[in-house]
Amino acid sequence: MPLEIKNVSRLFEGSKKETLKNISFTVNDGEFICIAGPSGCGKSTLLNIIAGLDRPTGGKLCLNGTEITGPGADRVVMFQEHALYPWLNVIENVKFGMKLAGLSKNEQEARAERYLKMVRLWDFRNYRIHEISGGMRQRTALARSLCLDSPLLLMDEPFSALDKQTINKLRSDLECIWEETGKTVLFVTHSVEEAVFLADRIVVLSDHPGCVKEIFSVDLPRPRVIDSAEFLAIRHKILSCVEREVEKVAEKEYDYR
Amino acid sequence: MITAKIQGLLFLLFLILLWQVLYILGTGVFKWWKPYALPSPRGVLLSLQKLIQNGTLIHATTCSIRRALSGFFLALLIGSVFGLIISASSFFKRNLKPLFTGIQSLPSICWVPFAILWFGLGEASILFVIVIGSVFSVSLAIENAIQTIPPIYLKAARTMGASRIQLYTSVIIPAALPGFLAGLKQSWSFSWRALMSGEVISAYVGLGYTLMAGRDMADINQVTAVMLVIIAVGMIVDKLVFSNLERHVLKKRGLA
């Protein structure tokens, strides 16, 4: 069953403008959706609403036909910062969510091993969080999210704080894992290249109010080659759509002076 | 490391030497002070020796430490409850926290009249003064430690399906631990000070009492000797217990 987003709006107290206005789209099972748009357009707000960490001021969201009213383990979020717990080591962090869910020790051990091997961190399982690199931290966070076996994985610019090489590696890793696990992924990014590389469909949000501006389908075969002509053509098309929005934001910011 | 220790020791020796010189100049050469009004290093040392030999000091110190620790742990228990209540409810955060901050600034000796009226002269009143002297500090330490937890820790746990209780047991308490330990150091010093207020008024044994006994005998050297012991014990507990604990926790998390 899909995730349905129906006329979702979010108005923050004190500001007259709606951060999100009448957002509607449906995410199908097993789909990889990227949400792109200029910074400040409400991408993260939308993700937080889907996660249940924030409530919409209008409209509603349904996952598998039931309305979303709060956070839950069926929609695990991976944040821009790793959000790992420094008092736990790598494997304890990975087991954290499973412990909350009350899974048996054996099950916890088995899943932690499976996903830590998937993100190639099994050898580092006893390391403390401060002893591993930024990329490894995000991979740990990814393993922690995957362990919960949630059908929907929400990702809020998870790679944006990392260096270019690490990002490229993690993108391919994520694509493989997505294909292997068959999860539905909702991935917020400001990088059009990242969106074209990963997504089945790309939802471009406009700014002030944040509305769905356009939804692009990316039908390129996987794994995608970043410098192929088809890739660049789609990237260019989406980029010009996003850039018009970025310019709008820039103009507005000048006006406010 | 070793040179730093030697340096510290030499500095201490220098201070004692300065003190001796001041004593000789002040009481002997210039006659600024009467000899009984100014302690001397030698007099303090003799006083210490006397107090150790007749067993007073050991007995008083163990007695005081026992009182301080029991009062501190009681304050820890009660203060933790209030700290958790304040941090869990925006109503109490708005209304109770400023009150606690205000009461915390009240010197604990102000509670002594209440202590004597309610509990009489004795152990219970001293315990009361210690608890009331540090319980607000403990509450505020807990509240502050919880306040400064990165919000993302809680967000992440909630999206992984944590219940409110799990949020406390699995995230809030471990995440608040380093900040709380730092706050406890201050609470300990509040306890230790409050103990002295209590003992000065209503004890028959203890460091505070020994200090007052020195005053009653006009023995400024004994007063100074006890003061030094009070400082030393406060420092030793701080270093031995709290600093070690804090360092251990911080090291484990890569923060030190």
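Residues numbered from 1 in each chain as written. Chains lettered and ligands numbered in written order. Predicted model: local features only at pLDDT ≥ 70, side-chain atom pairs only at ≥ 80, totals over all residues. Heavy atoms only, no water.

**Structural notes on the interface of chain A and chain B**
Then comes step 1: Contact with chain A, which involves 24 residues of that partner, is made by 19 residues of chain B.
Then comes step 2: On inspection of chain A and its partner chain B, the count reaches 0 salt bridges.
Then comes step 3: The interface formed by chain A and chain B contains 3 residue pairs in polar contact (both at pLDDT 80 or more).
Then comes step 4: For the side of chain A that touches chain B, the elements supplying multiple residues, two or more each, are helix 1 (43–51), strand 6 (75–78) and helix 2 (90–101) of chain A.
Then comes step 5: The residue makeup of the side of chain A that touches chain B, split by class, is 15 nonpolar, 5 polar and 4 charged. (Contact = heavy atoms within 4.5 Å. Salt bridge = Lys/Arg side-chain N within 4 Å of Asp/Glu carboxyl O. Polar contact = N/O pair within 3.5 Å; in protein donor to acceptor, adjacent residues only side chain to side chain. Helix = DSSP H or I, 4+ residues; strand = E, 2+ residues; numbered from the N terminus. Nonpolar A, V, L, I, M, F, W, Y, C, P; charged D, E, K, R; others polar.)

**A few points about the pairing of strand 9 (residues 201–205) of chain A**
All names here are of chain A.
Then comes step 1: In terms of burial, strand 9 is a largely internal element, 5 of the 5 residues being buried.
Then comes step 2: Here strand 9 shows a buried face lined by Arg201, Val203 and Leu205 and a second buried face lined by Ile202 and Val204.
Then comes step 3: Looking at chain direction, strand 3 (residues 32–36) and strand 9 are connected through 4 bridges and run parallel. Bridging across to strand 9, Ala36 finds its partner in Val204.
Then comes step 4: Two elements, strand 9 and strand 10 (residues 212–217), share 5 bridges in a ladder whose sense is antiparallel. By the bridge assignment for strand 10, Val204 is matched with Glu214.
Then comes step 5: Between strand 9 and strand 10, which pair antiparallel and follow one another directly, the connecting turn spans 6 residues, one of which, His208, has a positive phi of 45 degrees. (Buried < 20%, exposed > 50% of the residue type's maximum accessible area, 1.4 Å probe, protein only. Pairing = 2+ DSSP bridges.)

**Observations regarding the sheet that holds strand 6 of chain A**
Residue and element names in this part refer to chain A.
Then comes step 1: Strand order in the open sheet formed by 6 strands is 6-7-8-3-9-10, with mixed pairing between adjacent strands. Here the strands that pair on one side only, and so sit at the sheet edges, are strand 6 and strand 10. On average, each strand axis in the sheet is inclined to that of its neighbour by 20 degrees, with strand direction left out of account.
Then comes step 2: Summarising the sheet, strand 3 and strand 8 (residues 184–188) pair through 4 bridges and their orientation is parallel. In the sheet register, Cys34 faces strand 8, and the bridge partner there is Phe187.
Then comes step 3: Against the sheet, helix 1 contacts strand 3, strand 6, strand 7 (152–156), strand 8 and strand 9, and its axis sits at roughly 150 degrees relative to strand 7. (Axes fitted to C-alpha atoms, helices over the stretch in contact; angles between N-to-C directions.)

**Topic: the domain arrangement of chain A**
All names here are of chain A.
Then comes step 1: Domain parsing of chain A yields domain 1 (3–74 + 152–255) and domain 2 (84–149).
Then comes step 2: Here the C-alpha centroids of domain 1 and domain 2 sit 26 Å apart.
Then comes step 3: If you look at the interface, domain 1 gives 13 residues, while domain 2 gives 12 residues.
Then comes step 4: Here domain 1 packs against domain 2, burying approximately 1,100 Å² in sum over the two surfaces, 71% of which is carbon and sulfur.
Then comes step 5: Lys183 is the salt-bridge partner of Asp149, the closest N and O atoms lying 3.8 Å from each other.
Then comes step 6: Elements with a minimum of two residues in the side of domain 1 that touches domain 2: strand 7 and helix 5 (164–181).
Then comes step 7: Element by element, the count of residues in the side of domain 1 that touches domain 2 is highest for helix 5, at 8 residues. (Domains from an automatic or database assignment. Buried area = accessible area lost by both parts, 1.4 Å probe.)

**Some points on the pattern of salt bridges**
When charged atoms on two side chains of opposite charge get close, those side chains can pair.
Then comes step 1: According to the stated counting rule, one finds 21 salt bridges over all chains in the structure shown.
Then comes step 2: Taking the shortest distance from any N to any O, the salt bridge between A:Lys164 and A:Glu193 comes out at 3.4 Å. With a gap of 29 residues between them, A:Lys164 in helix 5 and A:Glu193 in helix 6 (residues 192–198) connect regions that are remote in the sequence.
Then comes step 3: Across the pair B:Glu246 and B:Lys185 runs a salt bridge, and its minimum N-O distance is 3.4 Å. Pair noted here: B:Glu246 is in helix 10 (residues 220–252) and B:Lys185 is in helix 8 (residues 164–202), with a separation of 61 residues, a long-range link.
Then comes step 4: The buried category is assigned to B:Glu246, whose relative accessible area is 15%.
Then comes step 5: Through salt bridges that share partners, A:Lys164, A:Arg171, A:Glu193 and A:Glu194 make up one connected network.

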